[in-house]
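# Per-entry structural report
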Amino acid sequence: MKTVGYAAYSSDAHMKPFHFEHRALRANDVAIEILYSGVCHSDLHTVNGDWGPQPYPLVPGHEIVGRVTDVGPEVTHYQVGDKVGVGCMVDSCQECDQCHDHEEQYCRHGMTPTYGAPDRIDGEITQGGYSKHIVVREEFVLRIPEGLDMSRAAPILCAGITTFSPLRTWDIGKGSRVGVIGLGGLGHMAVKLAVAMGAEVTVLSRSKKKEEEARSIGATGVLASTDEEAMTNAASSMDLIIDTVPVEHDVTPYTSLLDINGTLVIVGQVGPMKEFMTVPMIMGRRRIAGSLIGGIKQTQEVLDFCAEHDIHPICEIIRPDEINSAYDVMSKGDIAHRYVMDMTQMSDDA
Ligand SMILES: [Zn+2]
Ligand SMILES: [Zn+2]
């Protein structure tokens, strides 16, 4: 199946149109016309080669929303016309303990990311959502529930599940006290989801600049990490802190905000972190943890949860040819919304 998308051709070049072909449908494959594609901070890291060499040309994108256009003969859950989504992975071994536990993201044999990895069967490099079509095995296709706006649902498939999963892991519910570091694409979803679960949510940021924005999405306010007095007063006041900062930083100022047994979970920075003090950890059995997206079952759960609670990511819809300027803005700092490309605006002869 011929299609077209935007690809990175090298680690320093901008995205350019790229024509390529998807595999013919296998028995358990679903063919999807992509309508919307979220632009994730990790796309930028990946095409820049920050996480290692990449198989260029590479079409990024792992927040995909579209419609089914064809199904293989063994597909049972989807039909032509269904509203569907694809997140950060498109395959896994389906046999190990993690896959059996619906935690395919931790597959013992490695899950297959949506772009930039060899397909498990034919070895072809997977290509992602900045394109007009994708072919994915049925088990990795999500259903977009009625009640979700298709044009704003895409970021739930990465930013949403990445923050939903730790909220579930640490049993966040009514009365829980949650801190969220950073109010970008991940952070604003963390706030909305935790608030909908009944938690009291505080945004942690360098300054109070985003106070109004934080309140508008349900947080009680912003605690400025530079305000020493406020930080001291907030010691031992949180059960869980979700750290969404996507670059190397110091977690020490935040760990003493945790109550005894509290956890700071890192979901943003993948790579080195600054050294941290062990004192708050030892003196209060506090933990620093990490978490990677979530399994397919839980990804469906967060989509359904968002539909039920009318939670939509804050999105700015752009044309595919605006991707390079979006990357420029993203590389300069966190933005409190997600760029979403309207892939129907991409012409076949781009
Ligand atoms: Zn992502
Ligand atoms: Zn597995």
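This structure is a prediction, so every number in the text was calculated from the model and none was measured.

What follows is about the coordination of the zinc ion (ligand 1). At 2.0 to 2.2 Å from the zinc ion (ligand 1) lie its protein donor atoms, namely Cys40 (SG), His62 (NE2) and Cys158 (SG). Sequence positions of the donors to the zinc ion (ligand 1) reduce to the motif C-x21-H-x95-C. Of this pair, Cys40 sits in the loop between strand S3 (29-39) and helix H1 (41-47) while His62 is found in the loop between H1 and strand S4 (64-71), placing the two residues 22 residues apart along the sequence. The same class applies to Cys40 as to His62, namely buried.

Here the domain parsing of the protein yields domain 1 (2-158 + 314-345) and domain 2 (159-290). Using C-alpha coordinates to define each centre, domain 1 is positioned 28 Å away from domain 2. At the surface where domain 1 touches domain 2, the tally comes to zero salt bridges. Counting the contacts that link domain 1 with domain 2 gives nine residue pairs in polar contact (both at pLDDT 80 or more). Grouping the amino acids of the side of domain 1 that touches domain 2 by side-chain chemistry returns eight nonpolar, three polar and three charged.

It is worth spelling out the coordination of the zinc ion (ligand 2) at this point. For the zinc ion (ligand 2), the full set of protein donor atoms is Cys93 (SG), Cys96 (SG), Cys99 (SG) and Cys107 (SG), at a range of 2.3 to 2.4 Å. Classification of the site at the zinc ion (ligand 2) rests on its four donor atoms, whose angles at the metal span 103 to 118°, yielding the label tetrahedral. On the primary sequence, the residues serving as donors to the zinc ion (ligand 2) are separated as C-x2-C-x2-C-x7-C. A relative accessible area of 8% means that Cys107 is categorised as buried.

As enumerated under the stated definition, the model contains one cavity of 30 Å³ or more in all. Quantified by volume, the largest cavity comes out at close to 40 Å³. Contributing to the lining of the largest cavity are Gly87, Cys88, Met89, Leu142, Leu157, Ile161, Ile293, Gly294, Ile296 and Thr299. Grouping the constituent residues of the lining of the largest cavity by class yields seven nonpolar, three polar and no charged.

The subject of this paragraph is helix H5 (residues 185-196). The terminal C-alpha atoms of H5, which comprises 12 residues, lie 17 Å apart, in line with the 16 Å expected from a rise of 1.5 Å per residue. Of all 12 residues in H5, 10 are buried, a share of seventy percent or more. Looking only at H5, the buried set comprises Gly185, Leu186, Gly187, His188, Met189, Ala190, Val191, Lys192, Leu193 and Ala194. Looking at the buried side of H5, the elements it contacts are helix H4 (159-169), strand S10 (177-181), strand S11 (200-205), strand S13 (238-243), helix H10 (296-308) and strand S17 (338-342).

This part takes up the layout of surface pockets. A water-sized probe rolled over the atoms picks out the places where empty space is left. In this structure, the second largest pocket spans a volume of roughly 320 Å³. What lines the second largest pocket is a set of 21 residues, among which His22, Arg23, Asp119, Thr126 and Val135 lie closest to the centre. Elements with a contribution of two residues or more to the lining of the second largest pocket: strand S2 (15-21), strand S6 (89-91) and strand S8 (133-137). Counting residues per element, the lining of the second largest pocket draws most heavily on S8, at four residues. Among the residues making up the lining of the second largest pocket, the classes are represented as seven nonpolar, five polar and nine charged.

This next bit is on a nonpolar patch on the surface. A cluster of nonpolar side chains, contributed by Met277, Val279, Ile282 and Met283, occupies part of the molecular surface with about 450 Å² of accessible area. Relative to the helices and strands, Ile282 resides in helix H9 (residues 279-284).

Of all hydrophobic cores here, the largest spans 89 residues; its most connected members are Tyr130, Leu167, Leu193 and Tyr327. Built from parts of two domains, this core gets at least three residues from each of domain 1 (2-158 + 314-345) and domain 2 (159-290). Counting 14 residues, the second-largest nonpolar core is a separate cluster that includes Leu204, Leu223, Leu258 and Leu264.

In a packed pair of helices, the relevant descriptors are the angle between the two axes and the axis-to-axis distance. Closest axis-to-axis distance for the H5/H10 pair is 11 Å, and the angle between their directions is 70°. Taken as axis vectors, H5 and H10 run roughly perpendicular relative to one another. Touching Met189, Leu193 and Ala196 of H5 are Val302, Phe305 and Cys306, all from H10. Residue composition of the contact of H5 with H10, by class: six nonpolar, no polar and no charged.

Okay, the side chain of Ser92 next. As for its position among the elements, Ser92 is in the loop between S6 and helix H2 (97-100). Taking the relative accessible area as the measure of exposure, Ser92 reaches 1% and is therefore buried. Only 3.1 Å separates the side chain of Ser92 from the side chain of Gln94, close enough to count as a polar contact. With sequence-adjacent residues up to four places away left out, Ser92 is seen in contact with Cys99, Glu104, Cys107, Met111, Arg120, Arg137 and Phe140.

Calculation rules
Residues numbered from 1 in each chain as written. Chains lettered and ligands numbered in written order. Predicted model: local features only at pLDDT ≥ 70, side-chain atom pairs only at ≥ 80, totals over all residues. Heavy atoms only, no water. Donors = N, O, S within 2.8 Å, 3.2 Å for Na, K, Ca; no water. Helix = DSSP H or I, 4+ residues; strand = E, 2+ residues; numbered from the N terminus. Buried < 20%, exposed > 50% of the residue type's maximum accessible area, 1.4 Å probe, protein only. Domains from an automatic or database assignment. Salt bridge = Lys/Arg side-chain N within 4 Å of Asp/Glu carboxyl O. Polar contact = N/O pair within 3.5 Å; in protein donor to acceptor, adjacent residues only side chain to side chain. Nonpolar A, V, L, I, M, F, W, Y, C, P; charged D, E, K, R; others polar. Tetrahedral: all angles 85-135°; square planar, octahedral: opposite > 155°, others 65-115°. 1 Å grid on protein atoms, 1.4 Å probe; cavity = no way out; pocket = protein on both sides within 12 Å on 5 of 7 lines; lining within 4 Å. Points joined across faces, edges and corners; volume = space filled by probe spheres on them. Expected span 1.5 Å × (residues − 1). Contact = heavy atoms within 4.5 Å. Patch = residues over 30% accessible without salt bridge, like charges linked within 9 Å, V, L, I, M, F, W, Y side chains within 5 Å. Areas by Shrake-Rupley, 256 points an atom, 1.4 Å probe, with all protein chains shown as cover. Core = buried A, V, L, I, M, F, W, Y, C linked by side-chain atoms within 4.5 Å. Axes fitted to C-alpha atoms, helices over the stretch in contact; angles between N-to-C directions. Parallel < 35°, antiparallel > 145°, perpendicular 65-115°, else oblique.

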